[in-house]
Amino acid sequence: MSSTSSIQKKTAPLEWLEGASIVIKESLALFPVSEYAKVADLVKKYLIRNQKKPEDLFNCLKNKSIKHSIDHIILGFSLEHGIGTVPNVAKAFLEYQKAANAEDSFGQFFLGYCYNNGIGTSQDRGKAFKLYSKAAEAGDTNAQYNLALCYRNGWGTTKNEEKAFELCSKVAEVNTNAQYGLGHCYLSGWGTTKNEEKAFELYSKATEAGHTSAQYSLGLCYRNGWGTTKNNEKAFELYLKATEGGNLLAQTNLASCYLKGWGTTKNEEKAFELYSKSAEAGRTNAQYNLALCYRHGKGTTKNDEKAFELYLKAAEAGHRKAQYDLIICYRYGWGTTKNLEKAFKLYLKAAEAGDKNAQLDLGLFYQNGWGTTKNLANALKLYLKAAKAGNKMAKYNLKLIFHSGLGITRN
């Protein structure tokens, strides 16, 4: 299994340019796409150990009269991540393209990665899938894992969880990302029988290799008792470790541990600080939780206006709880001007999406004519729908309507 320590040991004796390529190739198996900047950091550390500067790498490759595929790949990676030069993703794309055109599987992987994520070119997941397939056939394990992601998510191909499971299984022993992905397959039953114990085992192995997303997922296993005995202290430790490695999902969960006192001493101020960091990085769940902190004065001064802003931001990104709480703000005038018409429209949208609480509240709006024309028939339909889903308040409202008559005949 690859790890940062094994990379350091393997590359030290090699000619430094060749060593840089090995650092890149082996490190890619350790980090998800969102953390590829860490691979660039490892390259820079490798250069320092070999008494070279980032500029030495870039200039050496740029000035070579004859460039091989690996030279174009390293040059592209340097341009993408600003190693010894100003970042330029468009030029990086062109360098990866040169390597791919020479039928280099590593170059095909990188070009596929660019198309899949819209790096230096327009996003085209169909092209990404074809390139990953070519590189995977040639034995590139990073491409095989990314091809599994394509099948898992239906990127550029028909969704096929069985194929995703097969690909992850094939390279899990030599690719930490695939090992982590295989853990997901077992945890969720994607393409295989659900097996939480197996998922826990795979997350544990990937965690030992330093995979921050696996550390986060292993923390979830301990927090929820998936495949192991529930252990909040262990979950906290893993969230902390993954957060230190830059994992934003873990950072949000670490904040929740501090807020609730799960596996650590309760610290609302620390929770607020961590939610703030994750929210600034665009994590919608953190934005929602930060809004709750402002709404209830947890770890900070109560501020309904700030809470409203955060509910709005998270709601626009599709966060269901934030969407519901945003309606409440409009309904009661928390942090914004009271607006029953706006609340009604948002309730209507949420109810149509299947939100049972919204169905109940929308019924109240129709029943009382809040923000809309009074309509008892619509109110009854919504109460019935919510009551069938087990909502006790909806059942109570139905009884009131039938008891009072209100022009509706019981059937």
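If you're wondering where the values come from, they're calculated on a predicted model, not measured in any experiment.

1. Digging into the layout of surface pockets
If a probe as big as a water molecule is rolled over the atoms, it shows which places are left empty. Estimates place the volume of the largest pocket at around 900 Å³. Forming the boundary of the largest pocket are 43 residues, of which Pro32, Ser34, Tyr180, His184 and Ser213 lie nearest the centre. Residue contributions to the lining of the largest pocket peak at seven residues, all from helix α9 (residues 141-153). Forming the walls of the second largest pocket are 22 residues, and the residues nearest its centre are Ser256, Leu259, Lys260, Tyr275 and Asn289. Elements represented by at least two residues in the lining of the second largest pocket include exactly α13 (212-224), α15 (248-260), α16 (268-280) and α17 (284-296). Here the lining of the second largest pocket is composed, by residue class, of nine nonpolar, seven polar and six charged.

2. Digging into the pattern of salt bridges
One pass over the structure, following the stated rule, counts 16 salt bridges. When the shortest N-O distance is used, the salt bridge between Glu201 and Lys198 registers 3.8 Å. Of this pair, Glu201 and Lys198 both sit in helix α12 (residues 196-208), three residues apart, which is roughly one turn of that helix. Residue classification places Lys198 among the partly exposed positions, given a relative accessible area of 29%. Lys234 is the salt-bridge partner of Glu237, the closest N and O atoms lying 4.0 Å from each other. With Glu237 and Lys234 both in helix α14 (residues 232-244) and three residues apart, this pair spans about one turn of that helix. Classification of Lys234 as partly exposed rests on a relative accessible area of 33%. Here the salt bridges do not stand alone but share partners, grouping Lys198, Glu201 and Lys205 into one network.

3. Quick look at a nonpolar patch on the surface
Where nonpolar side chains cluster on the molecular surface, the patch consists of Met393, Tyr396 and Leu400 and spans about 310 Å² of accessible area. As for its position among the elements, Leu400 is in helix α23 (residues 392-404). Judged by its relative accessible area of 42%, Leu400 falls in the partly exposed class.

4. A closer look at the environment of Pro54
Checked against the element boundaries, Pro54 lands in helix α4 (residues 54-62). You can call Pro54 partly exposed: its relative accessible area is 22%. For the pair Pro54 and Gly390, spaced 336 residues apart in sequence, the C-alpha separation works out to 63 Å. Not counting residues up to four positions away in its chain, the partners in contact with Pro54 are Lys44, Leu47, Ile83 and Gly84.

5. Overview of the packing of helix α11 (residues 176-188) against α12
Contact geometry for α11 and α12: axes closest at 8 Å, N-to-C directions at 160°. Compared by their axis directions, α11 and α12 come out roughly antiparallel. As for how α11 packs across α12, the hand of that crossing is left-handed. Mapping the contact onto sequence places Thr176, Gln179, Tyr180, Leu182, Gly183, His184, Tyr186 and Leu187 in α11 and Glu196, Lys198, Ala199, Leu202, Tyr203, Lys205 and Ala206 in α12.

6. Some remarks on the state of the cysteines
According to the stated counting rule, one finds zero disulfides in the structure shown. Sulfur of Cys185: no disulfide; nearest cysteine sulfur belongs to Cys168 and is 4.9 Å away. Not part of a disulfide, Cys257 finds its nearest cysteine sulfur in Cys293, a span of 14 Å. Cys257 gets classed as buried once you look at its relative accessible area, which sits at 1%.

7. So, the nonpolar core
With 128 residues, the main nonpolar core has Leu57, Phe77, Phe109 and Phe110 as its most contacted residues. For Phe109, the contacting residues outside a window of four places in its chain are Leu28, Tyr36, Tyr132, Ala135, Asp140, Asn142, Ala143 and Asn146.

8. Some points on the side chain of Gln144
By the secondary structure assignment, Gln144 is in helix α9. On the basis of relative accessible area, Gln144 is assigned to the buried category, the value being 6%. The contacts of Gln144, once residues within four sequence positions are left out, are Ala136, Gly139, Leu167, Lys170 and Val171.

Definitions and limits used
Residues numbered from 1 in each chain as written. Predicted model: local features only at pLDDT ≥ 70, side-chain atom pairs only at ≥ 80, totals over all residues. Heavy atoms only, no water. 1 Å grid on protein atoms, 1.4 Å probe; cavity = no way out; pocket = protein on both sides within 12 Å on 5 of 7 lines; lining within 4 Å. Points joined across faces, edges and corners; volume = space filled by probe spheres on them. Helix = DSSP H or I, 4+ residues; strand = E, 2+ residues; numbered from the N terminus. Nonpolar A, V, L, I, M, F, W, Y, C, P; charged D, E, K, R; others polar. Salt bridge = Lys/Arg side-chain N within 4 Å of Asp/Glu carboxyl O. Buried < 20%, exposed > 50% of the residue type's maximum accessible area, 1.4 Å probe, protein only. Patch = residues over 30% accessible without salt bridge, like charges linked within 9 Å, V, L, I, M, F, W, Y side chains within 5 Å. Areas by Shrake-Rupley, 256 points an atom, 1.4 Å probe, with all protein chains shown as cover. Contact = heavy atoms within 4.5 Å. Axes fitted to C-alpha atoms, helices over the stretch in contact; angles between N-to-C directions. Parallel < 35°, antiparallel > 145°, perpendicular 65-115°, else oblique. Left-handed = near helix turned anticlockwise from the far one by under 90°. Disulfide = S-S within 2.5 Å. Core = buried A, V, L, I, M, F, W, Y, C linked by side-chain atoms within 4.5 Å.

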